[in-house]
Amino acid sequence: MNAMSTRVTTSSALQVLFSRQQIAVRVAELGRQIDRDYAGQSVVLLGVLKGAAIFLSDLARNIKVDCTFDFVAVSSYGKGQQTTGAVKLIKDVDHAIEDKNIIIVEDILDTGLTLSFLHKMFQQHKPRSLRIAALLDKPSRRLIKIEADYVGFSIPNQFVIGYGMDYAERFRNLPDICLMPPDYPE
Ligand code: PRP
């Protein structure tokens, strides 16, 4: 293990953009908002693997309305810091979404290509309602018009890791949302 990989396995050596405490406060607020919007109803939290896994698990524990989980997986960015733009469904939902209140849960809304693809696809299955919760939003990166209904934090075009978000599949386990060091070796 080289010096760089040792240093970046804990958030203490990285620049923290949002601390675990800040994230907890904001996720609790989003949970209360969802409780108000769906009072007396049931919701399906539909997580987009893998980045949304940690946000979904925290958001779910801040929701009091009746709630179930489902997950989809789509093709990924790959190893580098650039998106290919191509979105492909790798894993579909396990349960039919027809007539259900669906909240698609994402870690980050970037170009919008992933959520636009998923939103269009799920809309065809006639859910009762279809909304989007994104922990992070990078509006300046958008290539397609799409907005989330619930947004944790809006950020500029910064490459972030931690709290589910990766660089080449690593760092998802960091409890804080951190900035990817620009000098990190490929
Ligand atoms: C990230 C994120 C979204 C997508 C957003 O996924 O989780 O799914 O990119 O980007 P977009 O708005 O430009 O489409 P990634 O491909 O990194 O896979 P992961 O969830 O497994 O980390």
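Shown above is the structure to which this text applies.
In this text the structure is predicted, and so the values were computed from the model without any measurement. (Residues numbered from 1 in each chain as written. Predicted model: local features only at pLDDT ≥ 70, side-chain atom pairs only at ≥ 80, totals over all residues. Heavy atoms only, no water.)

A. Looking closely at the sheet that holds strand E1 (residues 16-18). One open sheet accounts for three strands, arranged E1-E9-E8; its pairing is antiparallel. Both outer strands of the open sheet, E1 and strand E8 (160-161), are each paired with one neighbouring strand and no more. Bridge analysis of E8 against strand E9 (residues 177-179) gives two bridges, and the strand direction is antiparallel. Across the sheet, the residue bridging to isoleucine 161 is cysteine 178, located in E9. (Pairing = 2+ DSSP bridges. Helix = DSSP H or I, 4+ residues; strand = E, 2+ residues; numbered from the N terminus.)

B. Structural view of the nonpolar core. Ranked by size, the top nonpolar core spans 28 residues in total, and within it Phe55, Leu59, Ile103, Val105, Leu135, Leu136 and Ile177 carry the most contacts. Contributing elements (two or more residues each) for this core: helix H2 (20-37), strand E2 (42-49), helix H3 (53-60), strand E5 (101-109), strand E6 (129-137), strand E7 (150-154) and E9. Not counting residues within four places of it along the chain, the set of residues in contact with isoleucine 177 comprises Val16, Leu17, Phe18, Ile23, Leu135, Leu136, Val160, Ile161, Gly162, Tyr163 and Met165. Counting residues in each nonpolar core, the second largest holds 18 residues, with Val44, Val72, Ile97 and Leu109 among its members. (Core = buried A, V, L, I, M, F, W, Y, C linked by side-chain atoms within 4.5 Å. Buried < 20%, exposed > 50% of the residue type's maximum accessible area, 1.4 Å probe, protein only. Contact = heavy atoms within 4.5 Å.)

C. Just the site of the ligand, in detail. Around the ligand lies a shell of 15 residues, among which Glu106, Asp107, Thr111, Gly112 and Thr114 are the nearest. Take threonine 114: an N or O atom from its side chain is 2.5 Å from an oxygen atom of the ligand. Ranked by residue count, the leading element in the shell around the ligand is E5, at three residues. Residue composition of the shell around the ligand, grouped by class: four nonpolar, five polar and six charged. (Near = heavy atom within 4 Å. Polar contact = N/O pair within 3.5 Å; in protein donor to acceptor, adjacent residues only side chain to side chain. Nonpolar A, V, L, I, M, F, W, Y, C, P; charged D, E, K, R; others polar.)

D. Up close: the packing of aromatic side chains. All told, the structure shown has three aromatic pairs when counted by the stated rule. Between phenylalanine 18 and phenylalanine 153, the ring centres sit 3.9 Å apart and the planes meet at 15 degrees, which makes this aromatic pair stacked. Separated by 135 residues along the polypeptide, phenylalanine 18 in strand E1 and phenylalanine 153 in strand E7 bring together distant segments of the chain. Across the pair, exposure class does not vary: phenylalanine 18 and phenylalanine 153 are buried alike. Ring geometry for phenylalanine 69 versus phenylalanine 71: centroids 6.5 Å apart, planes at 75 degrees, classification edge-to-face. For phenylalanine 69, a relative accessible area of 45% translates into the label partly exposed. (Phe/Tyr/Trp six-rings, centres within 6.5 Å; stacked < 30°, edge-to-face > 60°.)

E. Here's a closer look at the packing of H2 against H3. Close contact between H2 and H3 brings their axes to 9 Å; oriented N to C, the two are set at 60 degrees. Taken together, the axes of H2 and H3 are oblique relative to one another. Of the two possible hands of crossing, H2 and H3 adopt the one that is right-handed. Here Val27, Leu30, Gly31 and Ile34 of H2 lie close against H3, whose contacting residues are Phe55, Asp58 and Leu59. Looking at the contact of H2 with H3 residue by residue, the class counts come to five nonpolar, one polar and one charged. (Axes fitted to C-alpha atoms, helices over the stretch in contact; angles between N-to-C directions. Parallel < 35°, antiparallel > 145°, perpendicular 65-115°, else oblique. Left-handed = near helix turned anticlockwise from the far one by under 90°.)

F. Quick peek at the side chain of aspartate 107. Tracing the sequence through the fold places aspartate 107 in strand E5. For the buried aspartate 107, no salt bridge is present, and the opposite-charge side chain at shortest range is arginine 172, 5.5 Å distant. Not counting residues within four places of it along the chain, the set of residues in contact with aspartate 107 comprises Gly51, Ala52, Ala134, Leu135, Leu136, Gly164 and Met165. (Lys, Arg positive; Asp, Glu negative; His and termini not counted. Salt bridge = Lys/Arg side-chain N within 4 Å of Asp/Glu carboxyl O.)

G. Looking closely at the side chain of aspartate 176. Secondary-structure assignment places aspartate 176 in the loop between E8 and E9. Here the side chain of aspartate 176 touches arginine 20 through a polar contact of 2.7 Å, landing on its backbone nitrogen.

H. Up close: the pairing of E5. Most of E5 sits inside the fold, with eight of its nine residues counted as buried. Of the strand pairs in this sheet, E2 and E5 are connected by four bridges, and their pairing is parallel. Looking at the pairing, valine 44 lines up with isoleucine 102 of E5. Pairing of E5 with E6 involves eight bridges; the strand directions are parallel. When the sheet's bridge partners are listed, isoleucine 103 is paired in E6 with arginine 131.

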